[in-house]
Amino acid sequence: MLILSRKIGQSIVIQAGNRKIKLIMLEQDNGSIKIGFEAPKEIKIYREEVYEEIVKQNKAALESDVNRLRKIKTTIPKLVKRDDKQNS
Amino acid sequence: MIKEYETKLGSVKIETERTITFEYGIPGFEDLKQFVLLEPEDTHPIMWLASLENNNVAFPVTFPQLIRSDYQFTLPQDLTEYLGLEKPEDAIILSILTIPEKEDEITINLAAPIIISQKNHKGIQYLIESEEYKIRHLLKEELERSKVILSAQKDGE
């Protein structure tokens, strides 16, 4: 792992091919650091734990099998239909 | 043009223009780019976002408004441009469900909806930056919540 030391207001530039990502150290407060990002819009920036949670949920979603779904299908439509009646 | 694909739900014949391209993939499945939205009648209103490149991959999805009646968020401009959206109806918004053995444990991801453009047939899983929506909401609780809201609206009329 590369370790760099930076002061508030200083930046780090990451270059990947012809794309550049700039990380700006904005503020430090009680062990937490605020970082600003400047990157091409097609580069998505996530908090790691949130990204990992999305990955986990997406993978868990694949365990759902069609047959199990056929069994539970009544749960949602029933309520929806009842709501339709309420609205009409 | 109609092409035949093998998906998790079996072999499907689809028109090329119904193919949805996820250029940036879906978190956890970044290598898969081509999907189709399958709507088998017997699982309605749960649909399947099925990969055309890996027939083990199909996500159960549904319209989040069916589960949370007041669901709403704003897309950033770079995304509406990327998806070529001119009005909200140009987009199909879907939420991924996780369906374990126990029906009571079904969850829905309201924090990271799937957005599909009907204009340029591109798709993306977008992360809403909001405390309100979480990756795992219990479906049961959400349906109860929506029922309360809808009946309160009805009483107010």
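Shown above is the structure to which this text applies.
One structure accompanies this document, and this report is about it. Note that this is a predicted model, so its numbers are computed, not measured.

A short note on the overall build of chain A
Assigned secondary structure in chain A consists of 3 helices and 3 strands. Reading the secondary structure of chain A in the N-to-C direction produces β-β-β-α-α-α. Taking the intrachain contacts of chain A between residues at least 6 apart in sequence as the baseline, contacts between residues at least 24 apart amount to 2%. Surface summary for chain A: the accessible area is close to 6,800 Å², and the carbon and sulfur share equals 51%.

Structural notes on helix α3 (residues 139–156) of chain B
Residue and element names in this part refer to chain B. With 18 residues, α3 extends 26 Å from end C-alpha to end C-alpha; this agrees with the ideal 26 Å at 1.5 Å per step. Looking at α3, one finds that the buried residues are L139, E142, L143, S146 and L150. Buried residues of α3, viewed axially, fall in a sector of 95°; they line one side. Structural note: α3 exposes E141, V148, D155 and G156 on the side pointing more than 90 degrees away from its buried face.

Description of the packing of aromatic side chains
Across all of its chains, the model carries 8 aromatic pairs over all chains by this definition. Seen from their ring centres, Y46 of chain A and Y51 of chain A are 4.7 Å apart, and the 55° between their planes marks the pair as tilted. By relative accessible area, Y46 of chain A is classed as partly exposed at 28%. A residue is classified by how much of its surface remains accessible, and Y51 of chain A, at 19% relative accessible area, is buried. Aromatic ring contacts, followed pair by pair, group F22, F29, F35 and F59 of chain B into a single cluster.

With respect to the sheet that holds strand β3 (residues 32–38) of chain A
All names here are of chain A. Within the open sheet, the 3 strands sit side by side as β1-β2-β3. Their pairing is antiparallel. On the outer flanks of this sheet lie β1 (11–16) and β3, each paired with one strand and no other. On average, each strand axis in the sheet is tilted by 25° relative to the strand beside it, whichever way the strands run.

Some details on the pairing of strand β6 (residues 58–62) of chain B
All names here are of chain B. When you tally the buried positions in β6, you get 5 out of 5 residues, the bulk of the element. The alternating pattern of β6 places A58, P60 and T62 and F59 and V61 on opposite faces, both of which are buried. Pairing analysis gives 4 bridges linking strand β5 (residues 47–51) to β6, with the strands arranged antiparallel. Opposite L49, over in β6, you have F59 as the bridge partner. Hairpin remark: β5 followed by β6, antiparallel, with 6 residues in the connecting loop.

Here we look at helix α1 (residues 48–61) of chain A
If you check α1 of chain A, its first and last C-alpha atoms are 20 Å apart, about what 14 residues at 1.5 Å a residue would give, namely 20 Å. Within α1 of chain A, burial applies to Y51, I54, V55, Q57, N58 and A61 of chain A. The buried residues of α1 of chain A occupy one face: seen down the axis, they fall within an arc of 165°. Those residues of α1 of chain A that are exposed and aimed more than 90 degrees away from the buried face are E48, E49 and K56 of chain A. Among the structural elements, β6, β7 (91–98), β8 (107–108) and β10 (123–125) of chain B are those in contact with the buried residues of α1 of chain A.

Thoughts on the nonpolar core
L79, L83 and I115 of chain B are the most contacted members of the largest nonpolar core, which totals 38 residues. Put simply, the parts of the chain that give this core at least two residues each are α2 (66–72) of chain A together with β2 (10–15), β4 (34–38), β5, α2 (77–82), β7 and α3 of chain B. At 3 residues, β7 of chain B tops the list of elements feeding residues into this core. The next biggest cluster of nonpolar side chains, apart from the first, holds 18 residues, and it includes L62 of chain A together with V61, I114 and I116 of chain B.

Analysis parameters
- Residues numbered from 1 in each chain as written.
- Chains lettered and ligands numbered in written order.
- Predicted model: local features only at pLDDT ≥ 70, side-chain atom pairs only at ≥ 80, totals over all residues.
- Heavy atoms only, no water.
- Helix = DSSP H or I, 4+ residues; strand = E, 2+ residues; numbered from the N terminus.
- Contact = heavy atoms within 4.5 Å.
- Areas by Shrake-Rupley, 256 points an atom, 1.4 Å probe, with all protein chains shown as cover.
- Expected span 1.5 Å × (residues − 1).
- Buried < 20%, exposed > 50% of the residue type's maximum accessible area, 1.4 Å probe, protein only.
- Arc of directions from axis to C-beta.
- Phe/Tyr/Trp six-rings, centres within 6.5 Å; stacked < 30°, edge-to-face > 60°.
- Pairing = 2+ DSSP bridges.
- Axes fitted to C-alpha atoms, helices over the stretch in contact; angles between N-to-C directions.
- Core = buried A, V, L, I, M, F, W, Y, C linked by side-chain atoms within 4.5 Å.

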